[in-house]
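So you can see what is in the structure, the chains are spelled out below.
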Amino acid sequence: IASCKKFLPNILVKLLTRHILLQSSRIGDPDALGLDPKKLAAFYRIVGGNYDALFIEAPDESISYIWRALGVHHILKQPSGPIPGLYFEQPTIPALTIQGFARWESIQILLEPQEHVPFIQFAVRNWALRHPDTGELFPPDLPKEAFPAECDPVIDAWHKKCADRLRTEAVAQQERMNTQQPQAQSPPIRDPRVDAGFSHFQSPQVPRSPPPTQRHR
């Protein structure tokens, strides 16, 4: 969706990503590579949000499934840690690339600017982001007029179609799993993407005070 390219300039995305990954030990695991769910959950908490319901509580498979449904570029990585045996495990943890973070956060801004624009403004105002090549400071005062003020109706309609497709695919997968299940076995197998995945599009955030508008994603 072309509209996503308007709101997080490439340089700002790179600066935010570098800060989240490299320059702040407060943002998740400092040894973790990539913008994995725990890093993203920590990022949103620091800037004033709460996405734990998605990035902490949802299974990794569901998060990857959501990102795929939205066309958000990501990779799968192995667990990080001091135990060498971890590096023999199958990569299963989703992590956003720089391009993926730009698309993900731009979608959120277009859907709910009243909530997500302050997140970006907080990061720019408080993190002293510098150009990686010149060392020049990014302007700390990012005006809200640089972003949309209301939900973009085109992106909202597209997002709802993505949600419908995700739910249809997940339900079909669950039905196939239940068909393959032996008759004597109960209860029916549930594909975690049906609950954790689709619920993201309805109400991903844990209510705060005052509670944010609940919708989509």
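The rules behind these values
Residues numbered from 1 in each chain as written. Predicted model: local features only at pLDDT ≥ 70, side-chain atom pairs only at ≥ 80, totals over all residues. Heavy atoms only, no water. Phe/Tyr/Trp six-rings, centres within 6.5 Å; stacked < 30°, edge-to-face > 60°. Helix = DSSP H or I, 4+ residues; strand = E, 2+ residues; numbered from the N terminus. Buried < 20%, exposed > 50% of the residue type's maximum accessible area, 1.4 Å probe, protein only. Expected span 1.5 Å × (residues − 1). Polar contact = N/O pair within 3.5 Å; in protein donor to acceptor, adjacent residues only side chain to side chain. Salt bridge = Lys/Arg side-chain N within 4 Å of Asp/Glu carboxyl O. Core = buried A, V, L, I, M, F, W, Y, C linked by side-chain atoms within 4.5 Å. Contact = heavy atoms within 4.5 Å. pLDDT = per-residue confidence, 0-100.

Comments concerning the packing of aromatic side chains
This model, assessed by the stated rule, comprises ten aromatic pairs. With a centroid separation of 6.2 Å and 45° between ring planes, the pair formed by F55 and W67 is classed as tilted. Linking F55 in helix α3 (residues 52–55) with W67 in helix α4 (residues 60–69), this pair joins segments that are twelve residues apart in sequence. An identical accessibility class is assigned to F55 and W67; each is buried. Connected via pairs of aromatic rings, a cluster forms that spans F43, Y44, Y51, F55, W67, F101, W104, F119 and W127.

What about helix α7 (residues 153–180)?
Every α-helical turn comprises 3.6 residues, leaving residues that sit three or four positions apart pointing alike. The terminal C-alpha atoms of α7, which comprises 28 residues, lie 41 Å apart, in line with the 40 Å expected from a rise of 1.5 Å per residue. Within the span of α7, buried status applies to I155, D156, H159, C162, A163, L166, A170 and Q174. One side-chain oxygen of the residue at the start of α7 lies 2.9 Å from the amide nitrogen of V154, identifying that residue as D152.

Notes on the side chain of D152
The residue D152 is located in the loop between α6 (113–126) and α7 in this model. A residue is classified by how much of its surface remains accessible, and D152, at 19% relative accessible area, is buried. At a separation of 2.9 Å, a polar atom in the side chain of D152 contacts the main-chain amide nitrogen of V154.

What about the pattern of salt bridges?
For the coordinates displayed, the defined rule picks out six salt bridges. For the salt bridge of K160 with D156, the shortest nitrogen-to-oxygen distance reads 3.4 Å. Taken together, the positions of K160 and D156, both in helix α7 and four residues apart, correspond to about one turn of that helix. Note that E169 and R165 form a salt bridge whose closest N and O atoms lie 4.0 Å from each other. One end of the pair is E169 and the other is R165, both in helix α7 and four residues apart, which spans about a single turn. It is possible to trace a salt-bridge network through shared partners that takes in R68, R165 and E169.

Let's talk about helix α2 (residues 37–46)
Of all the ten residues making up α2, seven are buried; the element is thus mostly covered by neighbouring parts of the structure. For α2, the complete set of buried residues consists of P37, K39, L40, A41, A42, F43 and Y44. Directly beyond the C-terminal end of α2, a positive phi value near 110° is found at G48.

Some details on the nonpolar core
F55, W67, F101, W104 and W127 are the most contacted members of the largest nonpolar core, which totals 46 residues. Taken together, the elements giving at least two residues each to this core come down to α1 (10–23), α2, α3, α4, α5 (98–111), α6 and α7. The greatest single-element share of this core, amounting to seven residues, is contributed by α5. F55 has contacts with P37, K38, L40, A41, Y44, I63, W67 and W104, leaving out every residue within four places of it along the chain.

Digging into the environment of L76
Mapped onto the secondary structure, L76 falls in strand β1 (residues 74–77). We classify L76 as partly exposed; its relative accessible area is 45%. Here the alpha-carbon distance between L76 and D36, two residues 40 residues apart in the chain, equals 9.0 Å. Ignoring any residue separated from it by four or fewer positions in sequence, one finds L76 in contact with S64, P91, T92, I93 and P94.

Brief notes about the confidence of the model for the protein chain
The pLDDT averaged across the protein chain works out to 77; a share of 72% of its residues lies at or above 70. Residue range residues 186–198 is modelled with pLDDT below 50. Its contacts to residues more than four positions away, or to other chains, number 39 contacts. Below a pLDDT of 50 lies the segment residues 203–217, which in the model reaches 51 contacts outside its immediate sequence neighbourhood of four places, other chains included.

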